[in-house]
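Overview (structure and organization)
For reference, the chains in residue letters:
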Amino acid sequence: MQTSSLGTSDLQVTPLTLGTMTFGKEADEATSHALLDAYVAAGGNVIDTADVYSAGLSEEIIGRWLKGSGKRDDVLIATKARFAMAKGGPRGLHPDYLRGAIEDNLRRLDIDTIDLFQPHAFDPNVPVAEWLGLIKEFVDQGKIRHLGVSNFLSYQLQQTLDVAKYEGLPTVVSLQPQYNLLDRHIDYEVMDVCKNHNIPLLPWSPLGGGWLSGKYERDSVPTGATRLGEDPSRGVEAYDKRNTERTFAILDVVKDIAADHGASMAQVSLAWLIQHPQVGSVILGARTTEQLADNLGAAQVELSTEQWERLEDVSRPHTPDYPYGFVDTMGGR
Ligand SMILES: NC(=O)c1ccc[n+]([C@@H]2O[C@H](COP(=O)([O-])OP(=O)(O)OC[C@H]3O[C@@H](n4cnc5c(N)ncnc54)[C@H](OP(=O)(O)O)[C@@H]3O)[C@@H](O)[C@H]2O)c1
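Residues numbered from 1 in each chain as written. Predicted model: local features only at pLDDT ≥ 70, side-chain atom pairs only at ≥ 80, totals over all residues. Heavy atoms only, no water.

Taking an unreviewed UniProt entry as the reference, the protein is identified by name as Oxidoreductase belonging to Pontimonas salivibrio.

Remarks on the pattern of salt bridges
Scanning the entire structure with this criterion turns up 21 salt bridges. Linking Asp187 and Arg184 is a salt bridge whose minimum nitrogen-to-oxygen distance equals 2.7 Å. Exposure remark for Arg184: the relative accessible area of 3% places this residue in the buried category. Between Arg227 and Glu237 there is a salt bridge, and its shortest N-O distance comes to 2.8 Å. Of the two residues, Arg227 is situated in helix H7 (residues 227–230) and Glu237 in the loop between H7 and helix H8 (239–242); the sequence distance between them amounts to 10 residues. Look at Glu237 and you get buried, because its relative accessible area is 5%. In the salt-bridge network here, residues are joined through shared partners; they are Arg184, Asp187, Glu312, Asp313 and Arg316. (Salt bridge = Lys/Arg side-chain N within 4 Å of Asp/Glu carboxyl O. Buried < 20%, exposed > 50% of the residue type's maximum accessible area, 1.4 Å probe, protein only. Helix = DSSP H or I, 4+ residues; strand = E, 2+ residues; numbered from the N terminus.)

Description of the pairing of strand E7 (residues 144–150)
Along E7, 6 of the 7 residues are buried, which leaves the element largely enclosed by surrounding structure. Two strands pair when backbone bridges link them, and strand E6 (residues 114–119) and E7 are joined in this way by 3 bridges, in the parallel orientation. Opposite Leu116, over in E7, you have His146 as the bridge partner. With respect to chirality, the unit in which E6 leads through helix H4 (residues 128–140) into the neighbouring parallel E7 is right-handed. Once you follow E7 into helix H5 (residues 154–167) and on to strand E8 (residues 172–176), the crossover reads as right-handed. (Pairing = 2+ DSSP bridges. Right-handed = clockwise from strand over helix to strand, strands pointing away.)

Describing a nonpolar patch on the surface
A contiguous nonpolar patch, built from Tyr322, Phe326 and Met330 and spanning about 390 Å² of accessible area, is present on the exposed surface. Mapped onto the elements of the fold, Phe326 is located in helix H13 (residues 321–328). A relative accessible area of 45% means that Phe326 is categorised as partly exposed. (Patch = residues over 30% accessible without salt bridge, like charges linked within 9 Å, V, L, I, M, F, W, Y side chains within 5 Å. Areas by Shrake-Rupley, 256 points an atom, 1.4 Å probe, with all protein chains shown as cover.)

Let's talk about the site of the ligand
Near the ligand lie 32 residues; those nearest to it are Ser205, Gly209, Lys215, Arg227 and Gln291. Between the ligand and Tyr53, the relevant distance is 3.3 Å, taken from a nitrogen atom to a side-chain nitrogen or oxygen of the residue. In the environment of the ligand, an oxygen atom lies 2.8 Å from a nitrogen or oxygen atom belonging to the side chain of Arg287. Across the complex, the protein chains shield 94% of the 910 Å² of accessible surface that the ligand would expose by itself. Secondary structure elements with two or more residues in the shell around the ligand: strand E9 (282–284) and helix H11 (289–296). Broken down by element, the shell around the ligand gets its largest block of residues, 3 residues, from H11. Residues that form the shell around the ligand fall into these classes: 10 nonpolar, 16 polar and 6 charged. (Near = heavy atom within 4 Å. Polar contact = N/O pair within 3.5 Å; in protein donor to acceptor, adjacent residues only side chain to side chain. Nonpolar A, V, L, I, M, F, W, Y, C, P; charged D, E, K, R; others polar.)

A short note on the environment of Thr31
Its place among the elements puts Thr31 in helix H1 (residues 29–41). Along the sequence, Thr31 and Arg287 sit 256 residues apart, while their C-alpha atoms lie 8.2 Å from each other.

Section: helix H2 (residues 57–69)
Compared with an ideal rise of 1.5 Å per residue, which puts 13 residues at 18 Å, H2 spans 18 Å between its outermost C-alpha atoms and is within 8% of the ideal. Of the residues making up H2, those classed as buried are Ser58, Glu59, Ile61, Ile62, Gly63, Trp65 and Leu66. Here the buried face of H2 lies against H1, strand E4 (46–48), strand E5 (76–81) and helix H3 (95–109). Trailing H2 by a residue or two, Gly70 shows a phi angle of about 70°, which is positive. (Expected span 1.5 Å × (residues − 1). Contact = heavy atoms within 4.5 Å.)

Regarding the packing of H2 against H3
Where H2 contacts H3, the two axes come as close as 7 Å, and the packing angle between them is 45°. One element, H2, and the other, H3, form an angle in the oblique class. Contacts from Glu59, Glu60, Ile62, Gly63 and Leu66 in H2 reach Asp104, Asn105, Arg108 and Leu109 in H3. (Axes fitted to C-alpha atoms, helices over the stretch in contact; angles between N-to-C directions. Parallel < 35°, antiparallel > 145°, perpendicular 65-115°, else oblique.)

Section: the packing of aromatic side chains
Taken as a whole and assessed by the stated rule, the structure comprises 10 aromatic pairs. Ring centres of Tyr179 and Trp272 lie 6.0 Å apart, and the angle between their planes is 40°; this geometry places the pair in the tilted category. Of the two residues, Tyr179 is situated in the loop between E8 and helix H6 (190–196) and Trp272 in helix H10 (residues 265–274); the sequence distance between them amounts to 93 residues. Each of the two residues, Tyr179 as well as Trp272, counts as buried. (Phe/Tyr/Trp six-rings, centres within 6.5 Å; stacked < 30°, edge-to-face > 60°.)

Concerning the UniProt feature "domain: NADP-dependent oxidoreductase" (unreviewed entry) in the protein
The UniProt feature table records "domain: NADP-dependent oxidoreductase" (unreviewed entry) at residues 15–314. Between the end C-alpha atoms of residues 15–314 there is a gap of 24 Å, over a span that is 43% helix and 11% strand. (UniProt positions renumbered as here; feature names shortened; annotations may be inferred.)

Structure below.
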């Protein structure tokens, strides 16, 4: 896989990142290590995790793999903190909490430096300068190389960029949002902030939690060893929320284009993201090495401009009359 610069940072990243939310949960340690081996063998160089994935186990599994494989210098480690590790426990971006959470990231991963630290979400209760000041301390100590953010709204991202600029604090080099053919709500506002400031996206749930592989059907509630088979009401991908005419209209186009390429639906859905001009690296999710092999194959699928635009058109989110439609009539966006 080729690498390219991640926005304004000095990080060179491959177009596909390995997400590790399944580690220690759907994928046991041996499978997780096999996923890491296969990803690196395919040329990938970014591993994304978070403190809360399997309550710390995902980071520990990665830490043991880094030690055992001797590959620390071949990969970039992106992680996150901000959410409670146990229900009702401490959380947030206040330095009193975040300092310990980042030290815990480092300890579990068993590394000296986090290449990309990402607050898992904004914290409206803590002034931006306070937590950015803490990030600066970690950067000065060589414990963090760059700051990314995740799940920030447009005003939160812009506010963070402004405070960083005017207070001389570390700035944001990437945004990790949910972004896929089934959910493009960041197109309303967040995307414009990213374009204006050269902030690449690291999209999470690129397959919409599995939906874009085409494995879920209109008329049968999922069962068996799939994310929604195990829990149909799980998260943003819940069966009742995504089982809509809109979802299946998008899946029909994905299927059509997949047939043209002799590719899987997952590969076409991922290729649309890889070829998106604002995307820096797509964060793959997998439970098995077979799924990962399928998803890594997306790097070989080149959509034509016409195919890319067909997917763009069918997945474009509805523009509400107000404020976006109203402002659009005046050329205001
Ligand atoms: N920042 C955040 O708030 C946030 C939130 C979520 C995720 N993330 C990051 O993004 C990564 C990816 O998210 P995600 O796991 O939701 O991604 P996803 O690609 O939308 O979903 C991955 C799941 O889809 C199924 N799948 C994957 N490839 C498949 C294939 N080729 N064919 C059929 N099924 C396939 C597997 O689930 P089953 O086999 O169980 O069906 C797999 O666990 C995570 O690992 C994490 O690093 C970040």
